[in-house]
Structure formats: C-alpha cells, structure tokens
Amino acid sequence: MNDLQQTRITFRQLLAFFVPLGMSASLVTISHVIINSTLARAASPEIVIASYALPMSILGITDNRRCYCGRHAPLWCATASRSAL
C-alpha cells in the first residue's frame with residue numbers, strides 16, 4: 001500500500017465535477033422547450049414546428065454517431081462504437 005497514495009476528495013471537488021455535468025444535461029432538455037416555444041410564436045406554428053420536428057426525428061434515426069442503446073445494444077450500435085476507436 002506504500003506505492004498507492006490515498007487522496008481525499010472533498011465535497012467541493014465533487015460539486016465542481018458534477019454540477020457542470022448536471023447543468024449540461026439539463027440544458028439539452030431545456031433547449032427543446034426553448035426552441036419549441038420560439039417556433040410556436042410563428043405565423044403558422046403547426047407547420048413550423050412540424051417542419052422542425054420531422055427532420056430532427058429523421059436525423060435521430062439515421063445519424064450513426066448517436067447511439068440510443070437500451071439494455072441490449074443493436075448490432076449497428078456496437079459496430080459503430082468499435083469503428084470509432
């Protein structure tokens with residue numbers, strides 16, 4: 001145990017690490033609300049929101065960089081992560 005040095009992590013260090021992570025995750029969620037509320041103020045909001053939501057949905061399906069893996073990773077997801085390395 002002499003070779004390994006024990007370092008104590010303070011609560012301030014934990015906060016400095018995890019608060020930005022939590023804020024960035026919240027920002028992704030909040031950005032959808034902000035975008036949709038901005039688009040809803042257009043002259044014809046149904047068409048504008050649909051014209052934004054449809055391409056974003058198609059992008060989410062076809063984009064190889066995004067990997068929405070649940071409990072069992074799809075084959076394309078596993079191969080995409082291997083080829084990225």
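Bear in mind that the values here come from a model prediction, so they are computed numbers and not experimental data.

Helices and strands together make up the secondary structure of the chain, namely 3 helices and 0 strands. Starting at the N terminus and ending at the C terminus, the chain contains elements arranged as α-α-α. Of all 85 residues assigned to the chain, the portion counted as buried reaches 5%. If you sum the accessible surface of the chain, you get close to 7900 Å²; carbon and sulfur atoms cover 65% of it.

Here the focus is the packing of helix α1 (residues 11-39) against helix α2 (residues 45-62). Interaxial distance between α1 and α2 falls to 9 Å at its minimum, and their mutual angle equals 145°. Taking contact as the criterion, the partners of I35, N36 and L39 in α1 are, on α2, P45, V48, I49 and Y52. Class assignment for the residues of the contact of α1 with α2 results in 6 nonpolar, 1 polar and no charged.

Moving on to α1. Here α1 contains 29 residues, and its C-alpha end-to-end distance of 41 Å stays within 8% of the 42 Å for a straight helix at 1.5 Å per residue. The sharpest bend along α1 measures roughly 25° and falls at T29.

For N36, the location among the structural elements is in helix α1. When sequence neighbours within four positions are dropped, the list of residues in contact with N36 reads I49 and Y52.

Our focus in this paragraph is a nonpolar patch on the surface. On the surface, a cluster of nonpolar side chains totalling about 930 Å² of accessible area is made up of I9, F11, L14, L15, F17, F18, V19, L21 and M23. Looking at the element boundaries, F11 is found in helix α1. Residue F11 is classed as exposed on the basis of its relative accessible area of 62%.

What follows is about the environment of S37. Looking at the element boundaries, S37 is found in helix α1. Once the C-alpha coordinates of S37 and I49 are considered, the two residues, 12 residues apart in sequence, prove to be 9.3 Å apart.

Put simply, the chain has an average pLDDT of 78, and 69% of its residues get 70 or more. Mean pLDDT values for the elements of the chain range from 52 in helix α3 (residues 75-84) up to 91 in α1.

Conventions and cut-offs
- Residues numbered from 1 in each chain as written.
- Predicted model: local features only at pLDDT ≥ 70, side-chain atom pairs only at ≥ 80, totals over all residues.
- Heavy atoms only, no water.
- Helix = DSSP H or I, 4+ residues; strand = E, 2+ residues; numbered from the N terminus.
- Buried < 20%, exposed > 50% of the residue type's maximum accessible area, 1.4 Å probe, protein only.
- Areas by Shrake-Rupley, 256 points an atom, 1.4 Å probe, with all protein chains shown as cover.
- Axes fitted to C-alpha atoms, helices over the stretch in contact; angles between N-to-C directions.
- Contact = heavy atoms within 4.5 Å.
- Nonpolar A, V, L, I, M, F, W, Y, C, P; charged D, E, K, R; others polar.
- Expected span 1.5 Å × (residues − 1).
- Bend = angle between axes of the 7 residues up to and from the residue.
- Patch = residues over 30% accessible without salt bridge, like charges linked within 9 Å, V, L, I, M, F, W, Y side chains within 5 Å.
- Salt bridge = Lys/Arg side-chain N within 4 Å of Asp/Glu carboxyl O.
- pLDDT = per-residue confidence, 0-100.

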